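Tertiary structure, described
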Amino acid sequence: MSRENFRSRLGFILVSAGCAIGIGNVWKFPYVTGVNGGGVFVLFYIISLIIMGVPILTMELAVGRASRKSAVLGYKALEPKGSRWHVHGWLCVIGCCLLMMYYTTVSGWMLGYCVKFATGTFSGMTPADVDSVWTNMQANPGEMALWMVITVVAGFLVCSFGLQKGLERISKWMMICLLVLIVILAINSLTLEGAIEGVKFYLVPDFARAAEVGIGNVIVAAMNQSFFTLSLGIAAMEIFGSYMSDANRLPGEAVRICCLDTFVAFMSGMIIFPACFSFGIEADSGPNLIFLTLPRVFVSMTGGRLWGALFFLFLTFASFTTVLAVFENIMASCMDNFGWSRKKATIVCGVFILLASFPCVLGFNVWSFGAPLPNGATGNIMDIEDFLVSNLLLPIGSMIYLLFCVSKWGWGFDNYLAEANKGTGLGMSPKLKPYFQLILPLLILVILLVGLDGWGWRILVCALVVLFVWFMARRSAKTAN
């Protein structure tokens, strides 16, 4: 079976950016920015994208393009004989599935709120009534399941038409609409009275305010967000490398993807912070910012029904483009590894993701409980799934891709560099080899350990002990032989 390819370079960039652009940009980025002091966080986030996000993204794309395969077979095609790097490919498939087990629910929330604003549910409501819409939806498993099922079915239906006719065609139009909507919404927010104070909070670095949170905490949060927003480490981007042509160098393509991703995140803040300051609402209200705080702003705003509907339509497009991209990855992995047709992959993967998404839905009502997390917090099923993906699979997966591409035990830096610099455009300098081999792994390790909080150091000590025992066992075996 011949490998599908993107119809155009624009299609590749928009689809890949669509995968990166999602709740990490339009939900998580604004509230993490607010919690971490505003402008200083934005500054370190941009730096993290440049020094960490772009390099790891080029590595995922390079493995995909060089192998023309999805994660497992991609590793197998490039790894040294007898090595087991491809085991991580299976973890990537698991990571994509785990991500979609809660991402489809969140995407369903966006769709549900878009419909509610469009149909006038919020018209004439008091702030207390606005809050009750959110609590009532979470308490209603039927409503939660409805929006989730619509998201899953629509996503796999699009992917069933193939790369060009399904994913590329729909994602291109959704991305164009998303970019138009975000500009319109930002302009509207900037015209509100008092909006300039929100812009200052958002864009002007205030190290005194950041010091209240802790500069170290702000930096680590920015580094972690750079990985989450690009969906790095679980082969979500590698699959698009396997579909792209050799005409353009990968660093240039990675920069374009990051620029689009950052533009959407940046403009999301330009919508949210001016609106919050205009209506005297705290900008550091955490995850509730989107579904509790902002609806109160819209119901108090002239034409709020329209602006609320457009805002949540924008969020729906942003989250759904990621859903499509990850669904394609899961299906491609099954087609590559099991020889399935696209039709069979659509049905089997669709049923699996649909069933696997129900625990997250029920975790807010029927199966609600306070499960302990390694960082000392408690959470529901979605919190557990998100912790596994964000704090474990993304940084660990990024570390594995990095080591595979720059170490002599993996694919090797020279092979990676040759693939990254194939074609025309912005290239990667060989002088970066020491940075990739020594400094970048340490930065990723910091993200992993801080994300695990106190557990991180315990896990690190255990891992070092295991490595020492393994090394001594190997040495003893060689001596005996």
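Cut-offs and rules
- Residues numbered from 1 in each chain as written.
- Predicted model: local features only at pLDDT ≥ 70, side-chain atom pairs only at ≥ 80, totals over all residues.
- Heavy atoms only, no water.
- Helix = DSSP H or I, 4+ residues; strand = E, 2+ residues; numbered from the N terminus.
- Buried < 20%, exposed > 50% of the residue type's maximum accessible area, 1.4 Å probe, protein only.
- Contact = heavy atoms within 4.5 Å.
- Core = buried A, V, L, I, M, F, W, Y, C linked by side-chain atoms within 4.5 Å.
- Polar contact = N/O pair within 3.5 Å; in protein donor to acceptor, adjacent residues only side chain to side chain.
- Salt bridge = Lys/Arg side-chain N within 4 Å of Asp/Glu carboxyl O.
- Axes fitted to C-alpha atoms, helices over the stretch in contact; angles between N-to-C directions.
- Parallel < 35°, antiparallel > 145°, perpendicular 65-115°, else oblique.
- Nonpolar A, V, L, I, M, F, W, Y, C, P; charged D, E, K, R; others polar.
- Patch = residues over 30% accessible without salt bridge, like charges linked within 9 Å, V, L, I, M, F, W, Y side chains within 5 Å.
- Areas by Shrake-Rupley, 256 points an atom, 1.4 Å probe, with all protein chains shown as cover.
- Left-handed = near helix turned anticlockwise from the far one by under 90°.
- Phe/Tyr/Trp six-rings, centres within 6.5 Å; stacked < 30°, edge-to-face > 60°.
- Arc of directions from axis to C-beta.

With that settled, the discussion passes to the overall build of the protein chain. Helices and strands together make up the secondary structure of the protein chain, namely 21 helices and 2 strands. Every one of the 481 residues in the protein chain was classed for burial, and the buried ones make up 57%. Expressed as a percentage of contacts within the protein chain between residues at least 6 apart in sequence, the contacts between residues at least 24 apart total 80%.

In this structure, Trp27, Trp109, Phe240, Phe311, Phe312, Phe314 and Tyr416 are the most contacted members of the largest nonpolar core, which totals 161 residues. Ranked by residues supplied to this core, first place goes to helix α15 (residues 304-338) with 19 residues. With residues near it in sequence (within four places) discarded, Phe240 still touches Phe6, Phe12, Val15, Ser16, Cys19, Leu167 and Ala325.

The next thing to look at is the environment of Arg169. Checked against the element boundaries, Arg169 lands in helix α8 (residues 163-190). Look at Arg169 and you get partly exposed, because its relative accessible area is 43%. C-alpha of Arg169 to C-alpha of Phe6: the two residues are 163 residues apart in sequence and 9.9 Å apart in space. In this structure the side chain of Arg169 is engaged in a polar contact, spanning 3.0 Å, whose partner is the backbone oxygen of Lys165.

Scanning the entire structure with this criterion turns up 10 salt bridges. A salt bridge links Arg68 to Asp246, with the shortest nitrogen-to-oxygen separation between them at 3.1 Å. Taken as a pair, Arg68 in the loop between α3 (39-67) and α4 (71-78) and Asp246 in the loop between α12 (238-243) and α13 (250-278) lie far apart in primary sequence, 178 residues in all. With a relative accessible area of 25%, Arg68 lands in the partly exposed category.

A few words now on the packing of helix α11 (residues 215-230) against helix α18 (residues 381-406). The geometry of a pair of packed helices is captured by two quantities: the angle between their axes and the separation between those axes. In contact at an axis separation of 10 Å, α11 and α18 are set at 90° when each is read in the N-to-C sense. Here α11 lies roughly perpendicular to α18, going by the angle between them. Residues Asn224, Phe227 and Phe228 of α11 pack against Asp386, Ser390, Leu394 and Ser398 of α18. Partitioning the contact of α11 with α18 into residue classes produces 3 nonpolar, 3 polar and 1 charged.

A word on the side chain of Gln138. Tracing the backbone shows Gln138 in helix α6 (residues 127-139). Ignoring anything within four residues of it in the chain, the contact list for Gln138 reads Trp109, Met144, Phe364 and Asn365.

A word on a nonpolar patch on the surface. The grouping of Leu43, Ile46, Ile47, Ile50, Ile51 and Phe207 at the surface amounts to a nonpolar patch, some 500 Å² of accessible area in total. With 5 residues, the top contributor of residues to the nonpolar patch is α3. Secondary-structure assignment places Ile46 in helix α3.

What follows is about the environment of Leu392. Summarising the element assignment, Leu392 is placed in helix α18. Distance in space between the C-alpha atoms of Leu392 and Ile447 is 9.6 Å, their sequence separation being 55 residues.

Turning our eyes to something else, we now look at the environment of Cys114. Checked against the element boundaries, Cys114 lands in helix α5 (residues 87-118). You can call Cys114 buried: its relative accessible area is 11%. In the structure, Cys114 is positioned 194 residues away from Gly308 in sequence and 7.3 Å away in space, judged by C-alpha atoms. Look past the residues within four positions of Cys114 in its chain and what remains in contact with it is Ala309, Phe312, Leu313 and Thr316.

Here we take up the packing of α3 against α18. Taken N-terminus to C-terminus, the directions of α3 and α18 make an angle of 65°; their axes are 9 Å apart at the nearest point. Of the possible angle classes, the one that applies to α3 and α18 is roughly perpendicular. Along this stretch, α3 crosses α18, giving a crossing that reads as left-handed. Along the contact surface, α3 presents Ile56, Met59, Glu60 and Val63, while α18 presents Ser398, Tyr401, Leu402, Phe404, Cys405 and Val406. Partitioned by chemical class, the residues of the contact of α3 with α18 number 8 nonpolar, 1 polar and 1 charged.

Okay, the packing of aromatic side chains next. On inspection of all chains with the given rule, the structure shows 33 aromatic pairs. Their ring planes at 15° and their centres at 6.3 Å tell us that Phe41 and Tyr45 sit as a pair that is stacked. With Phe41 and Tyr45 both in helix α3, this residue pair falls 4 residues apart, about one helical turn. With a relative accessible area of 0%, Phe41 lands in the buried category. Here Tyr45 falls in the buried class, since its relative accessible area comes to 1%. Here Phe201 and Phe273 contribute two aromatic rings whose centre-to-centre distance is 5.6 Å and whose plane-to-plane angle is 50°, an arrangement assigned as tilted. One end of the pair, Phe201, is in helix α9 (residues 195-203); the other, Phe273, is in helix α13, with 72 residues separating them in the sequence. Of the two residues, Phe201 and Phe273, both sit in the buried class. Among the aromatic residues, those joined into a ring-pair cluster are Trp109, Tyr113, Phe117, Phe122, Trp134, Phe291, Phe298, Phe311, Phe312, Phe314 and Phe364.

Of all the residues in α4, the buried ones are Ala71, Val72, Gly74, Tyr75 and Leu78. The buried side chains of α4 occupy one side of the element, clustering within an arc of 165° when seen end-on. Summarising the contacts, the buried residues of α4 are in contact with α3, α5, α12, α15 and α18.

None of the figures reported here should be taken as evidence of function without further support.
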